[in-house]
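Single-letter residue listing:
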Amino acid sequence: MTTTMTLLKDIVPSAQNNINTKFIVLEKGITTLEGQNKLCMALVADETAAVHVQLWGDECNAFEGGDIIQLTNGIFSYQHSHLVLRSGKRGKMEKIGDFTMAYVETPNMSEIHWIPDPMNTGKYIQHHVISVHSRMFPPTA
């Protein structure tokens, strides 16, 4: 069975683990502890958009800047008031390469304000852009 890959520009917030995509890690934040678990954020991108990814537990040590990651059954949802892409309990991230992937840093899908679709309350639509660039990983001058 072939898995359909979703481009980052096409992800939308959802409570379902149904996102299969690949991206390159651009930057990784510091690792913190949440209870007994390690947690860190990363800025990732593909050729269509960027997004913030939440790394959890062993994922924090498994990936570095330049790594190309394949996410299977991921989820794009709010976590601690931040809209992040993550593997969740049913998803999986694995390194499939490094340094050889075209990418863009805008739009950042985590920096868009989403609202329920008035035509379909089970879905979300883009309302407005909060920031052109990542506020979590601001561009350097």
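See the structure shown above.
Residues numbered from 1 in each chain as written. Predicted model: local features only at pLDDT ≥ 70, side-chain atom pairs only at ≥ 80, totals over all residues. Heavy atoms only, no water.

## Digging into the pairing of strand S8 (residues 112-117)
Where S8 and strand S9 (residues 120-129) come together, six bridges link them in antiparallel fashion. Paired with Asp 117 across the strands is Asn 120, a residue of S9. (Pairing = 2+ DSSP bridges. Helix = DSSP H or I, 4+ residues; strand = E, 2+ residues; numbered from the N terminus.)

## Let's talk about the side chain of Thr 48
Assignment of secondary structure puts Thr 48 in the loop between strand S3 (37-45) and strand S4 (50-56). Overall, Thr 48 belongs to the buried group, its relative accessible area being 16%. Side-chain polar atoms of Thr 48 contact the backbone nitrogen of Lys 9, separated by 3.1 Å. Excluding anything up to four places from it in sequence, Thr 48 contacts Leu 7, Leu 8, Lys 9, Val 104, Thr 106 and Pro 107. (Buried < 20%, exposed > 50% of the residue type's maximum accessible area, 1.4 Å probe, protein only. Polar contact = N/O pair within 3.5 Å; in protein donor to acceptor, adjacent residues only side chain to side chain. Contact = heavy atoms within 4.5 Å.)

## A look at the environment of Gly 91
Topologically, Gly 91 is positioned in the loop between strand S6 (82-86) and strand S7 (92-98). On a C-alpha basis, the gap between Gly 91 and Gln 70 in space is 11 Å, while along the polypeptide they are 21 residues apart. For Gly 91, the residues in contact, after removing those within four places along its chain, are Asn 17, Thr 72 and Asn 73.

## Notes on the environment of Thr 31
Within the secondary structure, Thr 31 sits in the loop between strand S1 (19-28) and strand S2 (32-34). Since its relative accessible area comes to 37%, Thr 31 is described here as partly exposed.

## Some thoughts on the nonpolar core
Taken as a class, soluble globular proteins show a tendency for nonpolar side chains to be buried jointly. Phe 23, Val 51, Phe 76 and Leu 85 are the most contacted members of the largest nonpolar core, which totals 23 residues. For Phe 76, the contacting residues outside a window of four places in its chain are Ile 11, Val 12, Pro 13, Ser 14, Ile 19, Val 51, Leu 83, Val 84, Leu 85, Met 109, Ser 110 and Trp 114. Counting residues in hydrophobic clusters, the runner-up holds six residues, among them Met 41, Leu 43, Ala 50 and Phe 137. (Core = buried A, V, L, I, M, F, W, Y, C linked by side-chain atoms within 4.5 Å.)

## Quick notes on the packing of aromatic side chains
Scanning the entire structure with this criterion turns up one aromatic pair. Relative to Trp 114, the ring of Phe 76 lies with its centre 6.5 Å away and its plane at 85°, an arrangement referred to as edge-to-face. Highlighted residues: Phe 76 in strand S5 (residues 67-79) and Trp 114 in strand S8, separated in sequence by 38 residues. Just as Phe 76 is buried, Trp 114 falls in that class too. (Phe/Tyr/Trp six-rings, centres within 6.5 Å; stacked < 30°, edge-to-face > 60°.)

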